[in-house]
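Each chain, letter by letter, is given below.
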There are 2 protein chains.
Amino acid sequence: VLVDDLPTPALVVDVGALTANLATMAAACPGNRLRPHVKAHKCTSLARLQAEHGHTGFTCATPREALGMAAAGLGEDLLVANEVLDLRRLRDLSALADSHAIEVTVAVDSDATVRAAATAGIRQVLIDVNVGLPRCGCRPTDAGALADLARSLGLTVRGVMGYEGHVMTLEPLQLTDRMAQAEVVALAMDRLRAAHDQVGGDVISAGGTGTYDLHEHTGVTEVQAGSYVLMDTHYARLGLPFVQALHVIGTVISVAAHWAVADVGLKALGMDHGPPLVPGHRVLVVSDEHLTFSPDDDSTPRHRVGDRVEIVPAHVDPTVAMHETLWLVDGEQVVEGWPVDLRGW
Amino acid sequence: VLVDDLPTPALVVDVGALTANLATMAAACPGNRLRPHVKAHKCTSLARLQAEHGHTGFTCATPREALGMAAAGLGEDLLVANEVLDLRRLRDLSALADSHAIEVTVAVDSDATVRAAATAGIRQVLIDVNVGLPRCGCRPTDAGALADLARSLGLTVRGVMGYEGHVMTLEPLQLTDRMAQAEVVALAMDRLRAAHDQVGGDVISAGGTGTYDLHEHTGVTEVQAGSYVLMDTHYARLGLPFVQALHVIGTVISVAAHWAVADVGLKALGMDHGPPLVPGHRVLVVSDEHLTFSPDDDSTPRHRVGDRVEIVPAHVDPTVAMHETLWLVDGEQVVEGWPVDLRGW
């Protein structure tokens, strides 16, 4: 099958770029120094490649991602890096752990989440610590008491995690270089290490694609990066050594004097980081099933109805979650269609 | 089943609000004066209710929506109000039309789309006319020639369509009242009628939820509204007589001194119109699986871990397309779970 024969919108991954990203990360964070986050791709076929590169522990954002990884035989060491109160789904996970099908660890940041894990038969937890992002995580000073509660309920506390999402890119702080970013990451990790001093355990889990290489001296034992493997325009601005592997292919379905319209809209593109990139063009409108774009200047060749266009998403995670299939492509050839099998909740 | 037992994030539709919206629209645009757009809900169970309210012709944005409507027995008069070049999917539609399972009409705005329809065996088309939105549609002065080409290829030209999306709300034009909006809608429809003069046929199809009541004197024969049935915060600002029927229910999974975090993130909410509304609160952060929100003032009761929250999406169409099930609810009771069965492409 040729790429030009795929029905559009089509989510495609370039095998060369993917292979390069996997190798670059495996060199920087070998083995279980990286705990790949599957929320970025929601695809067990891609996770299997990450495991083949030596990363056999995975990070999940939802119980469903963990259950899907288990079903695919990739459950050697799964971390649900999120607070979960749904006892049914926690019990599904603990049943798989009890049958030795998986090892599972769940993040907790409150008495209620510790008790939910214990009630559902989960055996291992990480204390989730707030390191500056207004989201989940307990205060560092509360981490020790939570760990004590967890241990009193029979849970194994493997350590701590903290996601420095507020300093994952340079933008929120208007930082001008990555050395400054490294410094604010280190400040965030001081909070995490302070919590770890109270909690104990072997694991200090943190980080993401934007900071994967800034944890050499932070005490962090494993990095939770996910986006690196596919990439998007948002992370591209950081100048990381990862290349754009993911595109959405569209068909030009209409052309006017000053613009062209492709069949790739809001239902095929994560829009929270803004509109996607159409190289050589500016984006005018994105609506449910349409992308209107206009050439940057007169030297850009004009599109004709029926042309294919390659669109770069602004945010990889929500984009992938909108598609049923990730097409692995090599030049003009489609190598394989991978189900995006970890979607939903 | 109780609403509180649904796994979250859960997409819920209030049966009372839904019933009111269906009745309000059926009174304003009775029978086939309304051609409901299924892209807003992507749900054949909901479309069936619209048909029971007298609207038996439907608008679709994609061939897959039309094929799904056909499979559900709702194919009496389907309009694919979009340009389609994919011959396989057009052939699937024409085969159903030839077997009398459906009636299908496809929008065309170029020689290429006319020829694709004819090649695939489609029998009926509408000429799509640009009425001011930078998207699909031919120039009004080109509409007659396109109709001639279509007829020369054996196609029946049923008339014209034109979507005035650029004046669907007051915002883009900074209009201060709906009378002014009505005037700019009328100007857009002058273009559509001019095209219709050249094209002929019985159908002049246009409009949407934001303009459903502004077409009394525009010559339009049918209105393509879709969002009215569920509604969102974007359309709510117009002061229409439709009520909010759709919510996303989340669970509070983490609480800090100044904020709470629900398990409803970018993968459960269309974000192109901005963040959702959490009544009584302001939204601080939306990330993949999290919504961080903070009380408006000290009089707002603080959330506790485990609380349920009702979130109002900013844009109904992409939000619904992210979910597998639309739960019909009546107070605390779940009445039915409707598959969102027209998703994908």
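These figures come from a predicted structure and were not determined experimentally.

**Thoughts on the pattern of salt bridges**
1) Next: Under the criterion given, the structure shown has 26 salt bridges over all chains.
2) Next: With a closest N to O distance of 3.1 Å, Asp77(A) and Arg35(A) form a salt bridge. With a gap of 42 residues between them, Asp77(A) in strand S3 (residues 77–80) and Arg35(A) in the loop between helix H1 (15–28) and helix H2 (44–52) connect regions that are remote in the sequence. Here Asp77(A) and Arg35(A) have matching classes, each one buried.
3) Next: Among the salt bridges present, the one from Asp298(B) reaches Arg302(B), with a minimum N-O distance of 3.8 Å.
4) Next: Through salt bridges with shared partners, a single ionic network connects Arg35(A), Asp77(A), Arg158(A) and Glu222(A).

**With respect to the interface of chain B and chain A**
1) Next: Taken together, the contacts link 56 residues of chain B with 56 residues of chain A.
2) Next: Of the roughly 4,100 Å² buried at the junction of chain B and chain A (both faces included), carbon and sulfur atoms supply 59%.
3) Next: On the chain B side of the contact with chain A, Arg135(B), Lys267(B) and Trp345(B) bury the most area, a combined 18% of that side's loss.
4) Next: Between the two partners, chain B and chain A, sit four salt bridges.
5) Next: Asp288(A) is the partner of Lys39(B) in a salt bridge, and the nearest nitrogen-oxygen pair spans 2.5 Å.
6) Next: Where chain B packs against chain A, one counts 24 residue pairs in polar contact (both at pLDDT 80 or more).
7) Next: Residue assignment for the side of chain B that touches chain A shows that the elements contributing at least two residues are helix H3 (63–71), helix H4 (87–98), helix H5 (111–119), strand S9 (246–255), strand S11 (281–287), strand S12 (290–295) and helix H9 (316–320) of chain B.

**Regarding the pairing of strand S11 (residues 281–287) of chain A**
All names here are of chain A.
1) Next: As judged from the six bridges shared by S11 and strand S12 (residues 290–295), these two strands associate in the antiparallel manner. Pairing of His281 across the sheet is with Pro295, part of S12.
2) Next: Linking S11 to S12, which pair antiparallel, is a turn of two residues.

**Side note on the packing of aromatic side chains**
1) Next: This structure, assessed with the given rule, holds four aromatic pairs over all chains.
2) Next: By way of ring pairs, the aromatic residues Tyr212(A), Tyr228(A) and Phe242(A) are connected into one cluster.

**Some thoughts on the nonpolar core**
What tends to happen in soluble globular proteins is that the nonpolar side chains get buried as a cluster.
1) Next: Among the nonpolar cores identified, the biggest contains 95 residues, and Met69(B), Ile127(B) and Leu326(B) are the most heavily contacted of them.
2) Next: The element best represented in this core is helix H7 (residues 178–199) of chain B, accounting for six residues.
3) Next: With near-sequence residues (within four places) excluded, Met69(B) lies in contact with Val38(B), Thr44(B), Ala47(B), Phe58(B), Cys60(B), Leu74(B), Gly75(B), Leu78(B) and Leu342(B).
4) Next: Core analysis: the next-biggest nonpolar cluster, separate from the first, contains 48 residues, Ala47(A), Leu155(A), Met189(A) and Ala195(A) among them.

**Things to note about the sheet that holds strand S7 (residues 203–206) of chain B**
Residues and elements named next belong to chain B.
1) Next: Reading across the sheet, the seven strands line up as S2-S3-S4-S5-S6-S7-S8 and stay open at both edges, with parallel pairing between neighbours. Two strands lie at the open edges of the sheet, namely strand S2 (57–60) and strand S8 (222–223), each paired on one side alone.
2) Next: The pairing of strand S6 (residues 156–162) with S7 spans four bridges and is parallel. The partner of Gly159 across the bridge, within S7, is Val203.
3) Next: With respect to the sheet, H7 is in contact with strand S5 (124–128), S6 and S7, its orientation differing from that of S6 by roughly 170°.

**Concerning the packing of H4(B) against H5(B)**
Packed helices, taken two at a time, are described by their axes: the angle between them and the distance between them.
All names here are of chain B.
1) Next: Remark: H4 packs on H5, axes separated minimally by 9 Å, with the N-to-C direction vectors making an angle of 50°. The angle between H4 and H5 falls in the class oblique. Judged by the twist between their axes, the crossing of H4 over H5 is right-handed. Of the residues in H5, those touching H4 at Leu87, Leu90 and Arg91 are Ala116, Ala117 and Thr119.

**Digging into the sheet that holds strand S5 (residues 124–128) of chain A**
Residues and elements named next belong to chain A.
1) Next: Judged by pairing direction, the sheet is parallel, and its seven strands sit side by side in the order S2-S3-S4-S5-S6-S7-S8 without closing on themselves. Both edges of this open sheet fall to strand S2 (57–60) and strand S8 (222–223), since each of them pairs with a single strand only.
2) Next: Note that S3 and strand S4 (residues 104–108) share three bridges and pair parallel. Counterpart to Leu79 in the pairing with S4 is Thr105.
3) Next: The sheet strands contacting helix H3 (residues 63–71) are S2 and S3, and the helix crosses S3 at an angle near 170°.

**Overview of the relation of the copies chain B and chain A**
1) Next: Each copy of the sequence occupies a distinct position, and chain B is placed on chain A by a rotation of 180° and an axial shift of 0.0 Å, giving an RMSD of 0.0 Å. On the angle and the small slide along the axis, the relation comes out as a two-fold axis.
2) Next: Mapped onto chain A, 100% of the interface residues of chain B are again interface residues, and the two copies thus contact each other with one and the same surface.

The rules we used
- Residues numbered from 1 in each chain as written.
- Chains lettered and ligands numbered in written order.
- Predicted model: local features only at pLDDT ≥ 70, side-chain atom pairs only at ≥ 80, totals over all residues.
- Heavy atoms only, no water.
- Salt bridge = Lys/Arg side-chain N within 4 Å of Asp/Glu carboxyl O.
- Helix = DSSP H or I, 4+ residues; strand = E, 2+ residues; numbered from the N terminus.
- Buried < 20%, exposed > 50% of the residue type's maximum accessible area, 1.4 Å probe, protein only.
- Contact = heavy atoms within 4.5 Å.
- Buried area = accessible area lost by both parts, 1.4 Å probe.
- Polar contact = N/O pair within 3.5 Å; in protein donor to acceptor, adjacent residues only side chain to side chain.
- Pairing = 2+ DSSP bridges.
- Phe/Tyr/Trp six-rings, centres within 6.5 Å; stacked < 30°, edge-to-face > 60°.
- Core = buried A, V, L, I, M, F, W, Y, C linked by side-chain atoms within 4.5 Å.
- Axes fitted to C-alpha atoms, helices over the stretch in contact; angles between N-to-C directions.
- Parallel < 35°, antiparallel > 145°, perpendicular 65-115°, else oblique.
- Left-handed = near helix turned anticlockwise from the far one by under 90°.
- Least-squares fit on C-alpha atoms with pLDDT ≥ 70 in both.

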